[in-house]
Number of protein chains: 2
Amino acid sequence: MHNPTAHKRIVIIGGGFGGLTVARSLQEADVTLIDRTNHHLFQPLLYQVATAALSPGDIAWPFRTLFRSQPNVRVMMEEVLSVDRKARVVRLQEGQIPFDILIVAPGSRHAYFGHDEWESWAPGLKTMTDAVQLREKMLLAFEEADRSRGTAIAQEYLTFVIVGGGPTGVELAGSLAEIGKRAMSKDFPTLPPEALSIILVEAGPRILSGFDPELSAKAAQALVRMGVTIKLNSPVRAIENDTVRVGEESIPSRNIIWAAGNRASSLLKSLSAPQDAYGRIKVRADLTIPDDPWIFVIGDAAHCLGSDRKPLPGVAPVAIQQGRYVANLIVQRLVPERRAPFAYKDRGMLATIGRAQAIAQFSSFHISGLLAWLIWCFVHIFFLIGLRNRARVMLEWIWYYVTFKPGAALLFPREGPPLETPSPRDDSQT
Amino acid sequence: MHNPTAHKRIVIIGGGFGGLTVARSLQEADVTLIDRTNHHLFQPLLYQVATAALSPGDIAWPFRTLFRSQPNVRVMMEEVLSVDRKARVVRLQEGQIPFDILIVAPGSRHAYFGHDEWESWAPGLKTMTDAVQLREKMLLAFEEADRSRGTAIAQEYLTFVIVGGGPTGVELAGSLAEIGKRAMSKDFPTLPPEALSIILVEAGPRILSGFDPELSAKAAQALVRMGVTIKLNSPVRAIENDTVRVGEESIPSRNIIWAAGNRASSLLKSLSAPQDAYGRIKVRADLTIPDDPWIFVIGDAAHCLGSDRKPLPGVAPVAIQQGRYVANLIVQRLVPERRAPFAYKDRGMLATIGRAQAIAQFSSFHISGLLAWLIWCFVHIFFLIGLRNRARVMLEWIWYYVTFKPGAALLFPREGPPLETPSPRDDSQT
């Protein structure tokens with residue numbers, strides 16, 4: 001059993017909401033934060049980057065900037081391969097980092113229920129890379145539809161199929177409907193707005209099943225009003241060659257987006273601790289793994305039971321509260337027997353559908369429509385880190401609310417043109 | 001000889017300052033604007049995207065949004081391969097576009113004086129793609145230097161060599177010095193600030209040779225104060241294996257940036273009109289090519305003599321004034337014999353070195369330092385298109401001026417992680 005005294009080496013894997021909260025709460029300790037990127041991502045607004053409403057810089061913060069005033073935190077941009085519990089080290093692609101206390105918060109990726117081959121046809125939305133690629137695909141789709149006007153191909157480009165009726169799927173469907181039907185119809189006058197088809201496919205009997213039925217019904221009505229087609233009780237049978245098979249129906253689409261399943265990072269296997277069906281570690285009441293009171297697993301990676309004995313959802317508030325709980329245990333150096341079990345305080349749930357459309361559920365108190373949307377805006381602005389990003393995002397939202405002009409609809413090739421090929425470019429130089 | 005009557009098909013190649021000005025000035029005509037990207041780029045601020053001070057969305061505007069209120073302009077995101085003067089068509093990778101009046105404004109790329117193999121070691125800065133790649137390279141360089149602390153490799157990563165003492169080179173050197181020495185030294189406390197080496201290499205006897213000698217001397221002093229090493233009369237002999245050879249000296253650097261030469265788009269060859277050493281078309285007094293009074297060449301692509309009989313520089317004001325001139329000829333349907341020659345009004349030159357450091361030259365009136373910098377800021381904010389971008393950029397500049405925190409220092413892999421590889425990521429989900 002490890003029981004920390006002073007100067008323990010604390011290693012945090014993953015700088016999401018959970019890992020970041022732990023690092024920021026440990027002002028004294030010797031902390032190493034490892035992430036494969038150099039920035040914290042405000043994932044709840046990622047779909048707005050994907051739909052070109054926000055720029056990547058609006059919802060992400062370089063770790064090194066975040067920790068400027070915290071010299072006790074060392075940031076490493078590295079890929080963690082595994083955790084060696086015996087040797088008490090985290091193995092990287094190059095070298096390894098020893099730890100006395102480990103916080104494992106690697107998050108999750110989207111999962112395809114054992115059909116990984118679907119990913120190439122239906123990418124998901126988890127990382128900034130996903131978002132930027134999805135945005136490019138969406139913007140190019142309209143250009144391609146314009147090129148192939150009137151053909152069946154054009155219709156495939158103008159058909160968006162979102163698989164999964166959870167918050168991400170609903171937010172994507174809603175903002176695609178808005179940006180597509182209104183903004184794009186202005187930018188592509190040659191494309192008939194009615195040709196745009198946005199289909200939300202959900203395996204279960206209703207969307208936003210985490211919410212109260214009457215609220216998810218309101219959300220569904222709002223989506224339909226916005227022109228989204230919702231297919232309930234429609235598990236996906238197959239996805240291939242730009243076609244989704246749902247029941248007996250085949251939907252051809254060049255824009256299939258996966259927002260259905262999640263799977264915890266495969267890094268967790270190396271902890272050799274019990275996992276659930278989604279690969280999450282079944283943590284104990286103090287968020288540690290069996291027989292190892294100083295290895296914590298938090299956030300999407302943790303299978304942690306709530307007061308209703310159901311596993312807590314993979315949302316930011318859970319990860320943040322778990323991060324605070326773990327940081328507190330570490331600061332107080334609490335030995336296992338003196339630890340109170342982690343208890344999640346549910347402050348309510350929010351989901352946005354579109355402009356002036358959202359639902360909010362605070363225990364018994366339910367709202368929908370404009371008021372819920374204003375609360376949603378306020379909460380998300382509030383939780384953004386830093387004055388700059390709050391100002392930028394607010395500016396973007398007000399701007400978009402008024403003009404319907406998405407702020408970040410840029411396309412540029414990944415590689416610059418080779419030196420001697422024709423380059424009709426905007427190169428008036430400095 | 002073509003002489004336009006009503007309903008002529010006007011085709012514009014390139015949506016830079018020149019091409020955009022023509023399109024915006026033709027409210028009636030049937031206009032097709034072809035660009036390889038979907039956006040106009042405010043190239044004078046591109047170096048700020050490269051140094052992570054601004055986001056791409058801050059200095060670029062999708063054409064389709066710009067022309068929402070101008071249904072007479074058709075936008076095509078296409079690569080132009082050649083112009084067929086006989087057939088009066090522009091050839092694309094797929095298909096061709098017929099024209100009666102053609103405006104050729106494809107801009108220029110950086111050129112390596114016949115050493116194209118240098119490009120792989122010393123990329124240039126012309127397009128948004130260039131800027132984003134340069135930014136990623138710069139940000140990664142500090143991460144790599146941190147990993148290889150104390151080794152010779154680390155020093156190579158902390159050495160920035162900018163080839164070319166023109167405005168772009170000076171702006172890059174200045175902002176790299178600032179962001180490097182101040183911001184980055186805060187983000188990478190383990191890296192000694194003095195290890196950062198920024199070297200500006202100029203073949204000629206002084207930097208900013210377009211300016212009055214006493215002003216370029218002031219700029220040089222400012223750069224030196226900021227810690228930039230300036231090497232004058234130092235033509236580059238070779239660039240290979242992350243090493244620049246200048247005279248007898250070899251400088252190892254993982255960050256070699258090319259800001260020296262330009263070459264007009266090779267598309268111009270197909271016009272089979274006289275070109276100068278830089279590939280620019282030697283246009284006539286009305287900016288047309290010989291024997292073809294309805295094919296205009298403007299901007300960086302045009303070799304156009306100024307009042308001093310020297311070719312006009314490749315700067316935005318020249319392209320914009322040429323665009324207005326051409327649009328006016330077209331609107332008035334002026335036959336060649338009734339055209340007044342194009343005359344460039346030089347409203348002065350500005351170059352910025354860094355925070356509160358710039359030089360300005362208005363004919364006989366010269367300024368430097370804070371006042372010149374304020375003028376520079378004002379002018380650039382003023383010429384940005386649209387309220388939104390002005391507000392965003394101003395916000396960024398004020399923010400950066402106060403905090404020294406660059407706004408857009410994000411790194412994310414180009415490809416998302418494969419589904420089952422370890423992914424220590426910040427994926428707290430929605």
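The structure reproduced in this document is the subject of the present report. Fair warning: this is a prediction, and the values are worked out from it, not measured in the lab.

**Points about the overall build of chain A**
Now for step 1: Summing up its helical and strand segments, chain A has ten helices and 25 strands in all.
Now for step 2: Relative to the 2.2 N^0.38 estimate, which gives 22 Å for 430 residues, the radius of gyration of chain A is 23 Å and therefore close to what a compact globule would have.
Now for step 3: Along the longest, intermediate and shortest principal axes, the C-alpha atoms of chain A span 70 × 60 × 40 Å.
Now for step 4: When burial is assessed residue by residue, chain A has 61% of its 430 residues classed as buried.
Now for step 5: Accessible area of chain A: about 16600 Å², with a carbon and sulfur share of 57%.
Now for step 6: Seen as two clouds, the 47 positive and the 42 negative side-chain charges of chain A have centres 6 Å apart.

**Re the packing of aromatic side chains**
Geometry of an aromatic ring pair is reported as the spacing of the ring centres plus the angle between the planes.
Residue and element names in this part refer to chain A.
Now for step 1: Throughout the structure, instances matching the rule amount to 24 aromatic pairs over all chains.
Now for step 2: Grouping aromatic residues by their ring pairs yields a cluster made of Y112, F113, W118 and W258.
Now for step 3: The lysine or arginine in question, R339, covers the ring of W294, its NZ or CZ lying 4.3 Å from the ring centre.

**Regarding helix α7 (residues 213-225) of chain A**
Now for step 1: The end-to-end C-alpha separation of α7(A) is 18 Å, in line with the 18 Å expected for 13 residues at 1.5 Å each.
Now for step 2: Downstream of α7(A) by a residue or two, G227(A) has a phi angle that is positive, lying close to 100 degrees.

**A few points about the pattern of salt bridges**
As a working rule, side chains carrying opposite charge can pair if their charged atoms are close by.
Now for step 1: In the structure shown here, the tally under the stated rule is 39 salt bridges over all chains.
Now for step 2: For the salt bridge of R147(B) with E144(B), the shortest nitrogen-to-oxygen distance reads 2.9 Å. You can see R147(B) and its partner E144(B) sitting in helix α4 (residues 128-147), three residues apart, about one turn around the helix.
Now for step 3: Shared partners join several salt bridges into a network, and the residues in it are R64(A), E143(B), D146(B) and R149(B).

**Details of the sheet that holds strand β16 (residues 249-252) of chain B**
Residue and element names in this part refer to chain B.
Now for step 1: Here we have three strands laid out as an open sheet, ordered β14-β15-β16, and antiparallel in their pairing. Both edges of this open sheet fall to β14 (236-240) and β16, since each of them pairs with a single strand only. When the angles between neighbouring strand axes are averaged without regard to direction, this sheet yields 15 degrees.
Now for step 2: Pairing analysis gives four bridges linking strand β15 (residues 243-246) to β16, with the strands arranged antiparallel. The partner of R245 across the bridge, within β16, is S250.

**Some details on the pairing of strand β7 (residues 89-92) of chain A**
Residues and elements named next belong to chain A.
Now for step 1: With four bridges joining them, strand β6 (residues 80-84) and β7 adopt antiparallel strand pairing. Among the inter-strand pairings, S82 is bridged to a residue of β7, identified as R91.
Now for step 2: With antiparallel pairing between neighbouring strands as the criterion, β6 and β7 make up a hairpin whose turn holds four residues, including R88 at a positive phi of roughly 55 degrees.
Now for step 3: Here β7 runs beside strand β8 (residues 96-98); their pairing, made up of three bridges, is antiparallel. Opposite V90, over in β8, you have I97 as the bridge partner.
Now for step 4: Counting the residues in the hairpin turn of β7 and β8 gives three residues, including G95, whose phi is positive at 80 degrees.

**Considering a nonpolar patch on the surface**
All names here are of chain A.
Now for step 1: There is a patch of nonpolar side chains on the surface, built from F378, F382 and F383 and spanning about 370 Å² of accessible area.
Now for step 2: Tracing the backbone shows F383 in helix α9 (residues 370-383).
Now for step 3: Here F383 falls in the partly exposed class, since its relative accessible area comes to 48%.

**Here's the deal with the packing of helix α1 (residues 17-25) of chain A against helix α8 (residues 316-332) of chain A**
All names here are of chain A.
Now for step 1: Two elements in contact, α1 and α8, have axes separated by 7 Å at closest approach and are oriented at 30 degrees. Every pair of crossing elements has a handedness; the one defined by α1 and α8 is right-handed. Facing F17, G18, T21, V22 and S25 of α1, the residues of α8 in contact are A316, A319, I320, G323, R324, A327 and V331.
Now for step 2: By residue class, the composition of the contact of α1 with α8 is seven nonpolar, four polar and one charged.

**A word on helix α7 (residues 213-225) of chain B**
Now for step 1: Taken together, the buried positions of α7(B) are L215(B), S216(B), A219(B), A222(B) and L223(B). The buried residues of α7(B) occupy an angular sector of 115 degrees when projected down its axis, which confines them to one face.

**Describing the sheet that holds strand β23 (residues 349-354) of chain B**
Residue and element names in this part refer to chain B.
Now for step 1: If you trace the three strands from one edge of the open sheet to the other, you get β23-β24-β25, paired in antiparallel fashion. Strand pairing shows two members of the sheet lacking a second neighbour, β23 and β25 (365-368), which therefore form its edges. When strand polarity is set aside, the average angle formed by the axes of neighbouring strands in this sheet is 5 degrees.
Now for step 2: As defined by bridge partners, strand β24 (residues 357-362) adjoins β25 across four bridges and the pair is classed as antiparallel. Looking at the pairing, Q361 lines up with H366 of β25.
Now for step 3: Sheet contacts for α7: β23, β24 and β25; angle to β24, the most-contacted strand, approximately 175 degrees.
Now for step 4: Strands in contact with helix α9 (residues 370-383) are β23, β24 and β25; relative to β23, the strand with the most contacts, it is inclined by about 110 degrees.

**Overview of the environment of A195(B)**
All names here are of chain B.
Now for step 1: Of note, A195 is situated in the loop between α6 (167-187) and β12 (197-201).
Now for step 2: Its relative accessible area of 14% is what places A195 among the buried residues.
Now for step 3: Beyond its immediate sequence surroundings of up to four residues, A195 is in contact with Q155 and L158.

**Section: the environment of F113(A)**
Residue and element names in this part refer to chain A.
Now for step 1: Positionally, F113 belongs in the loop between β10 (108-111) and α4 (128-147).
Now for step 2: Note: C-alpha distance between F113 and N262 (149 residues apart in sequence) is 8.9 Å.
Now for step 3: Leave out the neighbours within four places in its chain, and F113 touches W258, A260 and G261.

**Focus on the pairing of β23(B)**
Residue and element names in this part refer to chain B.
Now for step 1: Of the strand pairs in this sheet, β23 and β24 are connected by five bridges, and their pairing is antiparallel. Bridge assignment links M349 to a residue of β24, and that residue is Q361.
Now for step 2: Taking the residues between adjacent antiparallel strands as the criterion, β23 and β24 are bridged by two residues, where A356 takes a positive phi near 65 degrees.

**Considerations on the environment of W121(B)**
All names here are of chain B.
Now for step 1: Take W121: it is sitting in the loop between β10 (108-111) and α4.
Now for step 2: W121 gets classed as partly exposed once you look at its relative accessible area, which sits at 27%.
Now for step 3: Separated by 241 residues in the primary sequence, W121 and F362 place their C-alpha atoms 37 Å from one another.
Now for step 4: Non-local contacts of W121, meaning those with residues more than four positions away in its chain, are made with K137, I239, E240, N241, D242 and I256.

**Points about unusual backbone geometry**
Now for step 1: In this structure, R309(A) is a non-glycine residue whose phi angle is positive, near 65 degrees.
Now for step 2: Taking relative accessible area as the criterion, R309(A) reaches 61% and is therefore assigned exposed.
Now for step 3: Within the chain, N233(B) stands out as a residue other than glycine whose phi angle is a positive 45 degrees.
Now for step 4: Mapped onto the elements of the fold, N233(B) is located in the loop between β13 (228-231) and β14.

Criteria and thresholds
- Residues numbered from 1 in each chain as written.
- Chains lettered and ligands numbered in written order.
- Predicted model: local features only at pLDDT ≥ 70, side-chain atom pairs only at ≥ 80, totals over all residues.
- Heavy atoms only, no water.
- Helix = DSSP H or I, 4+ residues; strand = E, 2+ residues; numbered from the N terminus.
- Rg over C-alpha atoms; globule rule 2.2 N^0.38 Å.
- Buried < 20%, exposed > 50% of the residue type's maximum accessible area, 1.4 Å probe, protein only.
- Areas by Shrake-Rupley, 256 points an atom, 1.4 Å probe, with all protein chains shown as cover.
- Lys, Arg positive; Asp, Glu negative; His and termini not counted.
- Charge placed at Lys NZ, Arg CZ, Asp CG, Glu CD.
- Phe/Tyr/Trp six-rings, centres within 6.5 Å; stacked < 30°, edge-to-face > 60°.
- Lys NZ or Arg CZ within 6 Å of the ring centre and 35° of its normal.
- Expected span 1.5 Å × (residues − 1).
- Salt bridge = Lys/Arg side-chain N within 4 Å of Asp/Glu carboxyl O.
- Pairing = 2+ DSSP bridges.
- Axes fitted to C-alpha atoms, helices over the stretch in contact; angles between N-to-C directions.
- Patch = residues over 30% accessible without salt bridge, like charges linked within 9 Å, V, L, I, M, F, W, Y side chains within 5 Å.
- Left-handed = near helix turned anticlockwise from the far one by under 90°.
- Contact = heavy atoms within 4.5 Å.
- Nonpolar A, V, L, I, M, F, W, Y, C, P; charged D, E, K, R; others polar.
- Arc of directions from axis to C-beta.

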